[in-house]
Structure formats: C-alpha cells, structure tokens
Amino acid sequence: MSELREKLEEQNIQMGPDGLPDYKASSADQFLAEIEAELKATGEMPATIKDQIQAKALALLKEKNLPDSGDSKFWVDNSIADKTPENPDKPEFKIMSWNLERGLRVEDQIKYLQEQDPDVLCVQEIDWDCDRTGNRNITLEMAKALGYKYILYTTEFVEVNDETIKEARKNPNTHGGGVHGQAILSRYPLQDPKAFKLTNAWHDWEDASKKPGREEPRRGQRVAQMTDIQIGNKTITVVNTHFENHGGLTGRLVQWDEVKKRIANSKNPVMVMGDLNTTGHGVANLVQHDNRKDLWRKMRDESGKPIKRFGEEEGAVWMRDEFEPAGFKTAQSPDQISYRLPPAKFAYDGKLDWMLYRDGQVGKFNLKESTTGPDRMPGMEKDMSDHRPLIAKLEIE
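Scope of this entry: the structure provided in the associated data block. (Residues numbered from 1 in each chain as written. Predicted model: local features only at pLDDT ≥ 70, side-chain atom pairs only at ≥ 80, totals over all residues. Heavy atoms only, no water.)

## Focus: the environment of leucine 140
Within the fold, leucine 140 resides in helix 5 (residues 138-146). Taking relative accessible area as the criterion, leucine 140 reaches 30% and is therefore assigned partly exposed. Spatially, the C-alpha atom of leucine 140 lies 9.0 Å from that of tryptophan 75, the residues being 65 residues apart in sequence. Setting aside its immediate chain neighbours within four residues, leucine 140 contacts Trp75 and Ile151. (Helix = DSSP H or I, 4+ residues; strand = E, 2+ residues; numbered from the N terminus. Buried < 20%, exposed > 50% of the residue type's maximum accessible area, 1.4 Å probe, protein only. Contact = heavy atoms within 4.5 Å.)

Here it is in structure tokens:
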C-alpha cells in the first residue's frame, strides 16, 4: 500500500473551461481502482490503519463528488449584481473572519452575520455534507441567506466515519462523512482565486494509529486560500488560512513562512486572516523554541543553548517578531481574546484568530473600525462558536 500512496499525485486546483477553479478526481479514481484490484486479488483491505482510512476517504470523495484536501469549488450567482462602493476611488468595505466550529450552530451564526452584514466574509472550519451538521453545504446556505455573489470553498480535511475506531465514536461533533475547510464569500468580484496546501510540520492527521488522528480519522492537511478582490477601482489580495494547532510553535512558523512567500511579490494591499492557532499562553509557554532568532526576546543563552521562558503570550511574540517585521498591522489588539477552551473558559484562553493588513505599492489601508465579536447574541442559549468573530471596516486609498 505504500507504493499506492507514492503513486498518488498531489491534487491542485483544476481550471475549468471558464478559467475558474473546478474539482476533478482523477487521482482519487486511480487510487480506488488499484485498491479494488488488490481486494480482488487478496480479498483483504489495506494492511495499515492509515491506508484503510485513506481508502475510505477517497471512496467518500468519489461517492459524494466532493473536493479533496487542497482542492476548491468556486460559485458565482449571476442573479446578484456586484456591489458598487460609494467612492470607487477611495472605497470603504467591511470584512469579517470567523472560525465557525464546523457550522454546528449555523442558524445562530447566520443571524449574527445578517446583523453585521460584511462585504467580505472569510470563514474557517466549515462543513460540507458531514453527518454532524445534517449533511448540509454550510457555505452555500450562508451565501444564499446573506446574498453573496462570489463563493470560494477549499477542503482542508476529508472527515471519515470509522466505526472500528472507538475514540472516533465517542464525540458526535467529530462524526464526518464529508469534508470541511475554508471559504471566502464576497459581494465584490474575486479575481484569480486559488488555494495551496501548508506543510505538515511535526504532525500528520492521516495517522489514525494514535491521537488525535484516532479521535478524528481524516485525510488532508492545513490549507490557505488566496484571491484578489476588486473593490471599486482598487484591488486587494486576501489570504484566508488555518494553521496547525498540533504542530507546536515551530510548525506554525513554517506555515507562516509559506504564506509570506506566496504574497511576497504582491503589489496590492494585502490582508491575511484566519485561525492561526497562536495558542502559547500562560503555562503553555513552558517550552523550548529554537528555530527563530530572538523569538522570545532571549531565546538562547550566551553559549547558544536553547532556554525556556515563562510568561510572555505567544500572540505578543508573533506581533513583535513576525507580523510587524513583515509589514503587517493587526486590526484587533494582540491581547484581545478570540478563543476560550470549553468547558474551562476561566482557565485557558488565547489570541488564536488574526486579521492582519499591510499597504501595497498601488494602495494602502486606513483602518476605520474594528472589534472582536461576542460569544453569543442576547437570547442565545449557547455560544455561536468556540471562536469569536473578527470584524473590521477599512478604506483603500
């Protein structure tokens, strides 16, 4: 089976006849054909748990015609007109980023989004045809309810239901049977929409022989979406991403470097947003980090030996040593909490979610308003998500 995996081609976004991304499952078909041939010859499933999960994931993709990890679907509702800003030469727009926790409470989330009415919505952890969210396409439901014309969805993980793994049966919120990933919804035209996979640094979700892969058997890895958005007579570049929470700070730095490379040559004003999983707060800071010079003010002693440091929150480190040197400002303060770990919210919280912006050669941003939204609206019995939404209004000049 390792030979079969080696034959799999890495799937990128395929371009349809209209020049926009479309999904094609050729490599999945090839893999399944070879699996079927092995079953006919031996009468047995693949030998390892990982191979079994991958075979089931690819069968699921073929059965439901869903995009694989790193692949995208792009929809345009031509019954909706493009939005026109009041001043096309100096347009203002409202943008929002939110980890939706799969869309488990999508009705409450739509209610809040209708109140906020963002022009551009970037979401992470959004389900498509998963059992836990009623086998719905949450992205298209939101687009229809909110009136978005342009919708880009990219799969992060294929979520496998596997009754043979007891850990995967315990929590109904991990029950998949579909895919989940990121989406960008916009009232303004998306130009050159694309997506790219992020390196698996120190963690492989596809290894279902141990936690957390046993609790959430899946295929895939973290991804980032990237698109230009035309707002009046201005164009901005937006990256919507979700960094790995199990790869440690080192893994997230690797993924951040990959995002920086993708936007290095952009002349447009750029926004990077999403759940960056900057989780190292409080006691989580009692770890070694030795792959960034001066990452924690003094990361090595005079002999060059890595040292441990306690007390400085990871969000502040990212802002000072990573985002600002790359030219980015943050719409929300680095100390604005966007996540609290349930049920012990009083004991663990953090700045996981970010909305970053930097000026370009052909335009610059003026931040007009920004806020971190609430856990829930008045009258709601439960939090809308385990993450809070980030909202900002900006002007482009």
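## Examining the nonpolar core
Ile126, Met142 and Leu185 are the most contacted members of the largest nonpolar core, which totals 33 residues. For this core, the secondary structure elements donating two or more residues are helix 3 (49-64), strand 4 (92-102), helix 4 (106-116), strand 5 (120-128), helix 5, strand 6 (150-159) and strand 7 (178-186). Examining the composition of this core, we find that 5 residues originate from one element, helix 3, more than from any other. Leave out the neighbours within four places in its chain, and methionine 142 touches Leu100, Val106, Gln109, Ile110, Leu113, Ile126, Tyr148 and Leu185. (Core = buried A, V, L, I, M, F, W, Y, C linked by side-chain atoms within 4.5 Å.)

## Structural notes on unusual backbone geometry
Positive phi values are uncommon outside glycine, yet arginine 102 reaches one of about 75 degrees. Examined against the element boundaries, arginine 102 turns out to sit in strand 4. Judged by its relative accessible area of 11%, arginine 102 is buried. Positioned with a positive phi, asparagine 277 is a non-glycine residue whose angle comes to about 55 degrees. As for its position among the elements, asparagine 277 is in the loop between strand 12 (270-275) and helix 8 (314-323).

## What about the sheet that holds strand 10 (residues 223-231)?
Two modes of strand pairing occur in sheets, parallel and antiparallel, and in both the strands are linked by backbone hydrogen bonds. Spatial strand order, 8-10-11-12-16-13: 6 strands in an open sheet with mixed pairing. Where the open sheet ends on each side, the last strands, each with one partner, are strand 8 (190-197) and strand 13 (329-330). (Pairing = 2+ DSSP bridges.)

## A short note on the packing of aromatic side chains
According to the stated counting rule, one finds 10 aromatic pairs in the structure shown. Look at tryptophan 98 and tyrosine 112: their rings are 5.6 Å apart centre to centre, the planes differ by 70 degrees, and that puts the pair in the edge-to-face class. Taken as a pair, tryptophan 98 in strand 4 and tyrosine 112 in helix 4 lie far apart in primary sequence, 14 residues in all. The two residues tryptophan 98 and tyrosine 112 agree in class, both being buried. Put simply, the rings of Trp256, Trp318, Phe323, Phe328 and Trp354 pair up and form one aromatic cluster. The ring centre of tyrosine 148 lies 4.3 Å from the NZ or CZ of arginine 187, which sits over that ring. (Phe/Tyr/Trp six-rings, centres within 6.5 Å; stacked < 30°, edge-to-face > 60°. Lys NZ or Arg CZ within 6 Å of the ring centre and 35° of its normal.)

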